[in-house]
Amino acid sequence: MPVTDDEGLDRLLDADTIAVIGCSTTPGKAAHDVPAYLQRHGYRIIPVNPFADEVLDEPAFDALADVEAEIDLVNVFRPSEEVPEIIETVRERHAERGDAGAAWLQLGISHDEAAAAAEADGIEVVQDKCMKVEHSRLRG
């Protein structure tokens, strides 16, 4: 079952390093403003965007597999139809490296089957919730 309770959400907010798939270079877009908010609140943001060299003064990576640093949580800003492929890369990384223990699908993004597959591999999943909103509400 995806994480929905305040205790579980707050626990996931203990992450230090967040890979943001679909991190945008465009201020005003949620995929830029949410990671910027998280960065201002002390999180290390690792942008994953094959169309950018840098986002939020951090080098951007083409794919999750290209990130050398240890990742605590993967935050997803891509359409729901892309979630199965994205979650598969999270599952592969988790199996190979033991990191990426959580996936957070932003507001409006969900995929029950992919979430269930990730959870079966021991990866916690949040669906259809904004990480900025939940951080502000629980830790504001």
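Up top is the structure these notes are about.
Throughout, residues of each chain are indexed from 1 in the direction in which the sequence is written. The predicted origin of the model limits local features to residues at a pLDDT of at least 70 and limits the giving and counting of side-chain atom pairs to 80 or more, whereas totals for whole chains, interfaces and linings rest on all residues. Note: side-chain values were computed over all heavy atoms of the structure, leaving out hydrogens and water.

A. Structural view of the overall build of the chain. A count of helical and extended segments in the chain gives five helices and seven strands. Counting helices and strands in the order they occur from the N terminus, the chain gives α-β-α-β-β-β-β-α-β-α-β-α. In this setup the radius of gyration rests on C-alpha atoms only. A globule is expected at 2.2 Å times the number of residues raised to 0.38. Taken over C-alpha atoms, the radius of gyration comes to 13 Å for the chain, in line with the 14 Å a tight globule of 140 residues would show. With the C-alpha coordinates aligned to their principal axes, the bounding extent of the chain is approximately 35 × 35 × 25 Å. Between buried and exposed lies partly exposed: a residue is buried under 20% and exposed over 50% of the maximum accessible area for its type, with that area taken using a 1.4 Å probe on protein chains only. In the chain, which comprises 140 residues, the proportion classed as buried is 46%. In the chain, the share of contacts with a sequence separation of at least 24, taken over all contacts with a separation of at least 6, comes to 64%. The Shrake-Rupley method, run with a 1.4 Å probe, gives the accessible areas here. Residue values count only the displayed protein chains as cover. As displayed, the chain offers around 7,000 Å² of accessible surface, 46% of which is attributable to carbon and sulfur atoms. Of note, the chain has its 12 positive side-chain charges centred 5 Å away from the centre of its 30 negative side-chain charges. Helix numbers and strand numbers start at the N terminus; a helix is a DSSP run of H or I with at least 4 residues, a strand a run of E with at least 2. Whether two residues touch is decided by their heavy atoms; if any such pair falls within 4.5 Å, the residues are in contact. The charge count treats Lys and Arg as positive and Asp and Glu as negative. His and the chain ends do not count. Charge coordinates come from a single atom per side chain, which is NZ of Lys, CZ of Arg, CG of Asp or CD of Glu.

B. Spatial organisation of the pairing of strand S1 (residues 17-21). For S1, a buried count of five out of five residues is recorded, marking the element as mostly surrounded by other parts of the structure. On S1, burial covers both faces: Thr17, Ala19 and Ile21 on one face and Ile18 and Val20 on the other are all buried. A right-handed crossover is one whose linking path, passing over the helix from the first strand to the second, runs clockwise when the strands point away from the viewer. A crossover connection joins S1 to the parallel strand S2 (residues 44-48) through helix H2 (residues 30-40); in handedness this β-α-β unit is right-handed. By the bridge criterion, four bridges tie S1 to strand S5 (residues 73-76) in an arrangement that is parallel. A strand pair is defined by DSSP finding two or more bridges across the two strands.

C. Spotlight on helix H5 (residues 131-139). Within the span of H5, buried status applies to Met131, Glu134 and His135. In an axial view of H5, the angular spread of the buried residues amounts to 100°, which keeps them on one side of the axis. Contact partners of the buried residues in H5: helix H1 (6-12), S1, H2, S5 and strand S6 (102-105). Picture the helix axis, draw a direction to every C-beta atom, and the arc is the one those directions span.

Note that every value here comes from positions in space, so none of it alone points to a role or purpose.
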